[in-house]
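Architecture at a glance
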Amino acid sequence: MRKVLNIAGLGEVLWDFYEDERFAGGAPANFAFHATRCGARGFLMSRVGQDELGRSLMDHFKQAGVNITGVQTSPQKPTGTVRIHLDASGQPSFECSSDTAFDEMEMDTAWLKLINRLDVILFGTLAQRAAASRQAIRALLDHAKETVRIFDLNLRGWNAATREIVEESLGRCRILKLNETELQILIRAQKAEHLKPEVFLRGLLRSCNIELAAVTLGSRGCWLLTPDEEYRHPGYRVDVVDTTGCGDAFAAGLAWCYLHHESLEETAGYANRIAAFVATKKGATPVWNNSDLLNLDETEHGTTGR
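Note that the structure is a prediction, hence the values are computed from the model and not measured.

Parameters and conventions
- Residues numbered from 1 in each chain as written.
- Predicted model: local features only at pLDDT ≥ 70, side-chain atom pairs only at ≥ 80, totals over all residues.
- Heavy atoms only, no water.
- Helix = DSSP H or I, 4+ residues; strand = E, 2+ residues; numbered from the N terminus.
- Rg over C-alpha atoms; globule rule 2.2 N^0.38 Å.
- Buried < 20%, exposed > 50% of the residue type's maximum accessible area, 1.4 Å probe, protein only.
- Contact = heavy atoms within 4.5 Å.
- Lys, Arg positive; Asp, Glu negative; His and termini not counted.
- Charge placed at Lys NZ, Arg CZ, Asp CG, Glu CD.
- Pairing = 2+ DSSP bridges.
- Axes fitted to C-alpha atoms, helices over the stretch in contact; angles between N-to-C directions.
- 1 Å grid on protein atoms, 1.4 Å probe; cavity = no way out; pocket = protein on both sides within 12 Å on 5 of 7 lines; lining within 4 Å.
- Points joined across faces, edges and corners; volume = space filled by probe spheres on them.
- Nonpolar A, V, L, I, M, F, W, Y, C, P; charged D, E, K, R; others polar.

1. Quick word on the overall build of the protein
Scanning the protein from terminus to terminus reveals 10 helices and 16 strands. Scaling as 2.2 N^0.38, a compact globule of 306 residues should have a C-alpha radius of gyration of about 19 Å, and the protein matches this with 18 Å. When its C-alpha atoms are laid out on the principal axes, the protein stretches across 50 × 45 × 40 Å. The buried share among the 306 residues of the protein stands at 57%. Taking contacts inside the protein between residues at least 6 apart in sequence as the whole, the part at least 24 apart equals 72%. For the protein, the distance from the average position of its 34 positive side-chain charges to the average position of its 40 negative side-chain charges is 4 Å.

So, in structure tokens, the structure goes:
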């Protein structure tokens, strides 16, 4: 019998507001939701306001089976929100609220009790934009040395402050997840345009002691890279409605397969399947089962390399 895995998202939880409706969101929260769908115990470590938005968010994730004992409540700050605008191809643009509850997370006793139970923690950059939450996230990661830590760049712009957060976070993760645009940002930031992306990324893995990098490529699937091998998966054919949360769903599949010691090919296929299904629905956390994933068709065969 397989061990039950405990997989946590650490960072922002918020409501995604579209023109006429809202969906639960926040990359770490979406990750915890999809990890739960994979079969893990999903945990959310975040902070919401003492408001209707916060209460309804917690109801949503609790009903989805996500453990919310690591979610704090702020009496001063409101629950976070994002305004999402979709273009004709389902690609979103975001307007995120500022000075929210998830900007003042703190390292509390609930977090300390959870740390030793967790097999994976995913964290990103958005929840590190404010000093309080940045310090809390780093403190937790420092206590979680034996836990697999996934750093999801999930960039919303690039400046000196973001660069410091990224460089600090790269030294705290075992797995790096990013998209191809973010990879190009890192390459330019390091003035490494003369290097092929695979050469740059492999050098980054070795210098930061990272075991695996996962680069999402949108409709073209993904690219997984370790210091010694790589695999490219072409993705699946779907009718795209909304790509919000696809990367978070992908990360959940990635974590699930990594913990089960699956091959790069198996990992890429499973993670891409979840992401592709999510793209066919509006909102970042549509409910899915494995039967929903089996109907997706690969665009072509993937490729491997050393």
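2. Quick look at the sheet that holds strand β3 (residues 22–25)
Reading across from one edge, β3-β2-β6-β7 is the order of the four strands in this open sheet, with mixed pairing throughout. Lying at the two open borders of the sheet, with one neighbouring strand each, are β3 and β7 (92–96). This sheet shows a mean twist of 30° between the axes of neighbouring strands, independent of strand direction. Each of β2 (14–17), β3 and β6 (80–86) is contacted by helix α2 (residues 52–63), which is oriented at about 70° to β3, the strand it contacts most.

3. Details of empty space enclosed by the protein
Enumeration according to the criterion identifies one cavity of 30 Å³ or more in this entry. Size it by volume and the largest cavity reaches roughly 30 Å³. E12, A27, P28, L122, G124, D152 and N154 together form the lining of the largest cavity. Each residue belonging to the lining of the largest cavity can be placed in one class, and the counts come to three nonpolar, two polar and two charged.

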